[in-house]
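Structural characterization, general
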2 protein chains.
Amino acid sequence: MITELISVGTEILLGNIVNTNSAYLSEKCAQLGLSVYYQTVVGDNETRMKSTICTALERSDMVILTGGLGPTKDDLTKEVTAELLELPLVEDAHTRELLEHYLKEYEKNNSQRRITANNYKQALVPQGALILDNHNGTAPGLIIEKNGKTVILLPGPPNEMKPMFEEEVFPYLRKRLPEVIYSQMIKICGIGESQVAEEIQDLIDDQTNPTIAPYAKTGEVHLRITAKSEDEKECKKLIKPIVRELKARFGKNIFATDEEKSLEEAIVDMLKDQGLTLALAESCTGGEISARIVNVPGASDVFTHGFVTYSNRAKRKCLGVKKSTLKIDGPVSAKCAKEMAKGGCFFSGADICLSITGLAGPGGGTKELPVGTVFMGCCYNGKVITQEYHFTGNRSKIREQATAHALALLRECIMEGISKKG
Amino acid sequence: MITELISVGTEILLGNIVNTNSAYLSEKCAQLGLSVYYQTVVGDNETRMKSTICTALERSDMVILTGGLGPTKDDLTKEVTAELLELPLVEDAHTRELLEHYLKEYEKNNSQRRITANNYKQALVPQGALILDNHNGTAPGLIIEKNGKTVILLPGPPNEMKPMFEEEVFPYLRKRLPEVIYSQMIKICGIGESQVAEEIQDLIDDQTNPTIAPYAKTGEVHLRITAKSEDEKECKKLIKPIVRELKARFGKNIFATDEEKSLEEAIVDMLKDQGLTLALAESCTGGEISARIVNVPGASDVFTHGFVTYSNRAKRKCLGVKKSTLKIDGPVSAKCAKEMAKGGCFFSGADICLSITGLAGPGGGTKELPVGTVFMGCCYNGKVITQEYHFTGNRSKIREQATAHALALLRECIMEGISKKG
């Protein structure tokens, strides 16, 4: 079923807010196997809204609109939709009652704010529409079926729209779907986007059902394999050989086969499984690697110490980097990375310590040591390995890449046991 | 000039990524006085992309496309645009050279990664297009003028698109505009969005030229005052009384009046001006505050130590938090925050230390200490203050808010001198 998303609101066109509703709804539609071909944002303007909805109704089976259901004169989504579908607006007694209750409560708690009569325009609904109560605001949601098309109107604020979609729209749509959709994720690190693309080109060229879609993230590539069929069992059967093939091709570079699992989560899981603790010694990334690790709920079980040693003094005092190393090799050197990793293990008592030191710029670069030079160290089982990287881009891009590669290196060290690499 | 934004990418239609590019470009267009009537997202599909671009060219004067300029077969934006505008694709020698250099550097530093031939398709450009070098990636940007319409193609990754827009597209567009648009930014922290909105309602109700547009960020509100006139001098004259009024209303909560200045940059500037050094002691934010500070070029002059003390042991060993405090008050307590801040100053020798400890969830909450409870401490001049916060949302949302409020608290402490607050 071809589905189209329309967000209504001049505030989105002015860049005042980021359109997170479309991302949320797109993901939900993908999960339901609905094909979203277009997302459109249009302002609170009658003519342009009409033409946008008309176009959507022509080319799609279902249109989901968010926003413009409020009480003000600018809020036109319901009025325009009803007119286009030739449905009169009638007052819904139940909605009117809920509205009266909600507004009375609101006035009681916000003594300085008055409720104006235009609020009651929210009780008007297109005749025959299915009404979705709004438990977090005043505008009800609406589902309209006419001439083989489905139009769904939802309130704009995400905290009203999301629970309404979750509780009412999602089950409604699931019931109506003829086919089952099932997808499986394969997440890869340590190989670049274009190399992955090349290595799966033959599979993509031949694909019909299932399909493979690659998504590039910094330092990672995600492949989503999606199958459509009569039931989930059949979908899984279709996906299985593709997953097997991808596992054969990318082997140890696959860090997750789970939609939700991040690289840092995979690392935390590995550490937990092996009963290991982790410390991090960061200079140029300034805490970003720690922040990624801490993003994993339960990271506290394995991650004990993070040292952000941005000054030479901190490198010496917190990590025991030698004065002579800082003087002769400099803070951006393999030797410094090595001593940071070793010191990190020593001072924290953790089993593994990853260290990173580099030049993120924009200033400070020389011919011998250009901006983007990054050294990483990893200490594990008393051995330390170091690696040198050269990243390009601006300061934040260099740091983002350094963080992504540090996580990939850390995963590799845990997986292979550092002794094999050292 | 009517402008339309088109984002190309199936990953947006599948909800894999949030379309932040459109929000960024919309804000920039508003700043330039360009009217954005539509934002559209379309997938990597030739037919639908063609029809979307055609529609946009019919109803708008300028179309800005992002995404789909990469090396893979899916990347079609340039090809489709060139075909619609009837422009042949020709190889640009300069772009080819840059690409070769970039890819060689990349291969050198990532020995296990091979560069594939399809990368060179990025050196093909529509004949006559203005080429914008990409300093943070491989796909160049393109500006095409034909039949009175302007089409601008930009790479999809925000860290490539934004600097390109800022450095090349913005000045290009500014020169072409008939009227001069001038805007001034006022950035506020430490006051909520709705309070700011309420306090400027009277100014917004009366506005014609200049206009005030509020933008809410986590923990910050940005107000952009924009004037249109014949010349910049006249614009500045129009803006001046509004800026004066806003400064009178928000006083010390204004941390920047500069478009580019971030809160962390304002803090680093203040520390430099006062010759102070900073340490950070983070638990629940896990390095995020450090990472924000390190994001400022030159932060190394003032930021010496970051302690990410995620375990109780680390809090004791690195910061000297008492065993009894952890046992009786617990790690999420005002007392722990106080000892962390004090210990941070002591062990680092820094003048100021901000500490943070809290419960980001999802697990671990109790009735007395619900998820979202965060304590911060700040030690300066031998005195320590603490503050308690309660944030809502999921783990990452709580940590994001905690980081934003920590920076605001840090700024306040530096500004007021902690003795006044203590």
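Provided above is the structure to which this section pertains.
Here goes a summary of the coordinates provided. These figures come from a predicted structure and were not determined experimentally.

What counts and what doesn't
- Residues numbered from 1 in each chain as written.
- Chains lettered and ligands numbered in written order.
- Predicted model: local features only at pLDDT ≥ 70, side-chain atom pairs only at ≥ 80, totals over all residues.
- Heavy atoms only, no water.
- Pairing = 2+ DSSP bridges.
- Helix = DSSP H or I, 4+ residues; strand = E, 2+ residues; numbered from the N terminus.
- Axes fitted to C-alpha atoms, helices over the stretch in contact; angles between N-to-C directions.
- Contact = heavy atoms within 4.5 Å.
- Buried area = accessible area lost by both parts, 1.4 Å probe.
- Salt bridge = Lys/Arg side-chain N within 4 Å of Asp/Glu carboxyl O.
- Nonpolar A, V, L, I, M, F, W, Y, C, P; charged D, E, K, R; others polar.
- Buried < 20%, exposed > 50% of the residue type's maximum accessible area, 1.4 Å probe, protein only.

1. Some remarks on the sheet that holds strand S14 (residues 303-309) of chain B
Across the sheet, which stays open at both edges, the ten strands sit in the order S17(A)-S16(A)-S15(A)-S13(A)-S14(A)-S14(B)-S13(B)-S15(B)-S16(B)-S17(B) with mixed pairing between neighbours. Because the sheet does not close on itself, it has two edges, and the strands there are strand S17 (383-390) of chain A together with strand S17 (383-390) of chain B. Within the sheet, the average angular offset between the axes of one strand and its neighbour, ignoring direction, is 10 degrees. Two elements, strand S15 (residues 352-358) of chain A and strand S16 (residues 373-380) of chain A, share seven bridges in a ladder whose sense is antiparallel. Residue pairing for S16(A): Ile356(A) is matched across the bridge by Met376(A).

2. Quick notes on the interface of chain B and chain A
On the chain A side, the residues contacting the 81 residues of chain B number 80 residues. Approximately 6300 Å² of surface area, both sides summed, lies buried where chain B meets chain A, with 50% of it carried by carbon and sulfur atoms. For the interface between chain B and chain A, the tally reads two salt bridges. Residue Glu160(B) is joined to Lys397(A) by a salt bridge in which the shortest nitrogen-to-oxygen separation is 3.8 Å. Broken down by class, the residue content of the side of chain B that touches chain A amounts to 32 nonpolar, 35 polar and 14 charged.

3. A word on the sheet that holds strand S10 (residues 211-217) of chain B
Residue and element names in this part refer to chain B. As summarised here, the arrangement of the four strands in space is S10-S11-S9-S12, forming an open sheet in which the pairing is antiparallel. Bordering the open sheet on either side are S10 and strand S12 (254-256), each of which pairs with just one other strand. Across the sheet, the mean angle separating the axes of adjacent strands is 35 degrees when strand polarity is ignored. In this sheet, strand S11 (residues 220-229) lies alongside strand S9 (residues 180-189) in antiparallel orientation, the contact comprising ten bridges.

4. Some words on unusual backbone geometry
Residue Pro362(A) is reached from Gly361(A) by a cis peptide bond, and omega for that bond is 5 degrees. Looking at the element boundaries, Pro362(A) is found in the loop between S15 and S16. At Glu86(B), a residue that is not glycine, the phi angle is positive and equals roughly 55 degrees. Here Glu86(B) shows up in the loop between helix H4 (77-84) and strand S4 (89-91). With a phi close to 50 degrees, Asn147(B) is a non-glycine residue in the positive phi region. Secondary-structure assignment places Asn147(B) in the loop between strand S7 (141-146) and strand S8 (149-154). Under the relative-accessibility criterion, Asn147(B) is labelled exposed at 68%.

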